[in-house]
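A closer look at the structure
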Amino acid sequence: GNIGPRPKPVRYNLHTPWHFLLSGSYLFGAGNADTRKQKGFITADLEYITTGTSSFHPQDDDDNDGVTTNAVDSYYDQVNQAVKENYKGVFAARLGGELKLNTFLLRAGGAYYSNPYKGGEIKADHAVLSGGLGYRNSKFFVDLTYVMAFNRDIDVPYLLGDKQNIYSSLKEHGGTLLLTTGIKF
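All of the points below concern the structure found in this document.

Thresholds, definitions, all that
Residues numbered from 1 in each chain as written. Predicted model: local features only at pLDDT ≥ 70, side-chain atom pairs only at ≥ 80, totals over all residues. Heavy atoms only, no water. Phe/Tyr/Trp six-rings, centres within 6.5 Å; stacked < 30°, edge-to-face > 60°. Buried < 20%, exposed > 50% of the residue type's maximum accessible area, 1.4 Å probe, protein only. 1 Å grid on protein atoms, 1.4 Å probe; cavity = no way out; pocket = protein on both sides within 12 Å on 5 of 7 lines; lining within 4 Å. Points joined across faces, edges and corners; volume = space filled by probe spheres on them. Helix = DSSP H or I, 4+ residues; strand = E, 2+ residues; numbered from the N terminus. Nonpolar A, V, L, I, M, F, W, Y, C, P; charged D, E, K, R; others polar. Pairing = 2+ DSSP bridges. Axes fitted to C-alpha atoms, helices over the stretch in contact; angles between N-to-C directions. Polar contact = N/O pair within 3.5 Å; in protein donor to acceptor, adjacent residues only side chain to side chain. Contact = heavy atoms within 4.5 Å.

1. Thoughts on the packing of aromatic side chains
On inspection of all chains with the given rule, the structure shows seven aromatic pairs. Between Trp18 and Phe20, the aromatic rings sit 6.2 Å apart at their centres with planes inclined by 20°, giving stacked as the arrangement. Given the relative accessible area of 59%, Trp18 is considered exposed. Judged by relative accessible area, Phe20 falls into the partly exposed class, the value being 48%. Consider the rings of Tyr87 and Tyr117, whose centres lie 5.4 Å apart with planes at 40°: the pair is tilted.

2. What to know about the layout of surface pockets
One number sums up the size of the largest pocket: a volume of about 640 Å³. In terms of lining, the largest pocket is formed by 16 residues, of which the most central are Ala82, Asn86, Val156, Leu159 and Asn165. Take the lining of the largest pocket: its biggest share by element is four residues, from helix α1 (residues 69–86). Classifying every residue of the lining of the largest pocket by side-chain character gives 10 nonpolar, three polar and three charged.

3. Concerning unusual backbone geometry
For Asn102, which is not a glycine, the phi torsion comes out positive at approximately 65°. Turning to its location among the elements, Asn102 is positioned in the loop between β5 (90–101) and β6 (104–113). Asn102 sits in the exposed class, given a relative accessible area of 70%.

4. Notes on the sheet that holds strand β2 (residues 19–28)
With respect to topology, seven strands assemble into an open sheet ordered β2-β3-β5-β6-β7-β8-β9, the strand pairing being antiparallel. In this open sheet, the two strands that pair with only one neighbour each are β2 and β9 (168–183). Here the average twist between neighbouring strands, direction ignored, is 10°. Inspection of the sheet shows β6 paired to strand β7 (residues 125–136) by 10 bridges, in the antiparallel sense. Pairing of Phe104 across the sheet is with Tyr135, part of β7.

5. Things to note about the side chain of Ser54
Relative to the helices and strands, Ser54 is located in the loop between β3 (40–49) and β4 (55–58). In this structure the side chain of Ser54 is engaged in a polar contact, spanning 3.3 Å, whose partner is the backbone oxygen of Thr51. Those residues in contact with Ser54 that sit more than four places away from it in its chain are His15, Thr16, Pro17, Asn80 and Val83.

6. Some remarks on the environment of Asn32
Note on placement: Asn32 falls in the loop between β2 and β3. Residue Asn32 is classed as partly exposed on the basis of its relative accessible area of 30%. A sequence separation of 25 residues divides Asn32 from His57, and the C-alpha atoms of the two residues are 53 Å apart. Sequence-distant contacts of Asn32, that is, excluding residues within four places in its chain, are made with Lys37 and Gln38.

Given below as structure tokens:
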């Protein structure tokens, strides 16, 4: 049966945060044109993400179903204020490397993402560690990697407009084993 008219979708623009990235790498044996004689590399990234600058705005072509522009702007102003009050910039650091032993490769890496929430009461961050082995020759490769992730975050099951919101603290960790193979043509 007919359950009535479909609600009109809400259209908005999301301005995502800025990302500032400083990255570098070093290739061991880089002066050697023969890549088989290069011994490995180390790479590092340091990133800053302005999470608290995310903002929502109504689309210019949205007629808002007769709701006044002031009411719509007021709603988005409240949402944007909540983002500014609850989120802060995030630092991310990543470090990885690979060592070539003829046709065999050893890899290791790690990453850390800081807490995006303002205040010290909420603990939320993310860390990843990985290690792996690889084999490569002129026509075939196989890689085996283990990735271990550690997460702390929160879950807010519902929002209250007139009281302090309650959240669940989450602590997760888990591992993933990845096997990749390929043939070069």
